[in-house]
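Coordinate inspection notes
One-letter residues, chain by chain:
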Amino acid sequence: REQRIQLAFTDVTFRRDLTIGTQKVSHTSFVLENPSGFGFWEVELTVILYRGSTPVAMNTITEREIKPGEKRPITVQWYENLSGITKTDIRPSVNILDPSVYLPTERFE
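For the structure given in this document, a descriptive report is provided here.

Notes on the environment of Arg16
- Looking at where Arg16 falls in the secondary structure, it is placed in strand β1 (residues 8-20).
- With 64 residues separating them along the chain, Arg16 and Glu80 place their C-alpha atoms 9.0 Å apart.
- With sequence-adjacent residues up to four places away left out, Arg16 is seen in contact with Lys24, Val25, Ser26, Asn81, Leu82 and Ser83.
- Reaching out from Arg16, the side chain makes a polar contact with the side chain of Asn81 at a distance of 3.0 Å.

Here it is, written out as structure tokens:
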């Protein structure tokens, strides 16, 4: 597992300064990094926001065609103005036992 899923998340930030129309909403931004030699057709990312030790919001997104060595900026919108967020946890999910999840090498370019 450690050899195949080496996904990392850097520059994780939570902000409450986005305005959509007249409403202020929150957003989480981060960079998804894949330093491994494996690419994936799809990776599910579950983003959990905490207030202290209590989870207060969760969202799952799917990123497609994650290539080896890729660094991809991602933003997740929270359609409310969440306050008091102290921690962001990002959890990737890939079934590494299923050969069909791996991106073929001709897609690496």
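Continuing now.
Section: the nonpolar core
- Core analysis: the largest hydrophobic core is formed by 21 residues, its most contacted members being Leu45 and Trp78.
- Looking at this core, the elements with two or more residues in it are β2 (23-33), β3 (40-51), β4 (54-66) and β5 (71-78).
- In terms of residue count, β3 provides more of this core than any other element does, five residues in total.
- Excluding residues that lie within four positions of it along the chain, Trp78 makes contacts with Phe14, Val25, Ser26, His27, Thr28, Val47, Leu49, Ala57, Met58 and Asn59.

Focus on the packing of aromatic side chains
- One pass over the full model with this rule turns up three aromatic pairs.
- When the centroid spacing of 5.7 Å and the interplanar angle of 80° are considered together, the rings of Phe9 and Phe30 count as edge-to-face. Taken together, the positions of Phe9 in strand β1 and Phe30 in strand β2 put the pair 21 residues apart, joining distant regions of the chain.
- With a centroid separation of 5.8 Å and an interplanar angle of 55°, the aromatic rings of Phe38 and Tyr102 are classed as tilted. Placement of the pair is Phe38 in the loop between β2 and β3 and Tyr102 in the segment after β6 (87-93), with a sequence separation of 64 residues.
- Accessibility expressed as a relative area gives 27% for Phe38, which makes it partly exposed.
- Three or more aromatic residues link up through ring pairs in this structure, and these residues are Phe38, Phe40 and Tyr102.
- Note that Lys87 overlies the ring of Tyr50, its terminal NZ or CZ placed 4.7 Å from the centroid.

Rules behind the numbers
- Residues numbered from 1 in each chain as written.
- Predicted model: local features only at pLDDT ≥ 70, side-chain atom pairs only at ≥ 80, totals over all residues.
- Heavy atoms only, no water.
- Helix = DSSP H or I, 4+ residues; strand = E, 2+ residues; numbered from the N terminus.
- Contact = heavy atoms within 4.5 Å.
- Polar contact = N/O pair within 3.5 Å; in protein donor to acceptor, adjacent residues only side chain to side chain.
- Core = buried A, V, L, I, M, F, W, Y, C linked by side-chain atoms within 4.5 Å.
- Buried < 20%, exposed > 50% of the residue type's maximum accessible area, 1.4 Å probe, protein only.
- Phe/Tyr/Trp six-rings, centres within 6.5 Å; stacked < 30°, edge-to-face > 60°.
- Lys NZ or Arg CZ within 6 Å of the ring centre and 35° of its normal.

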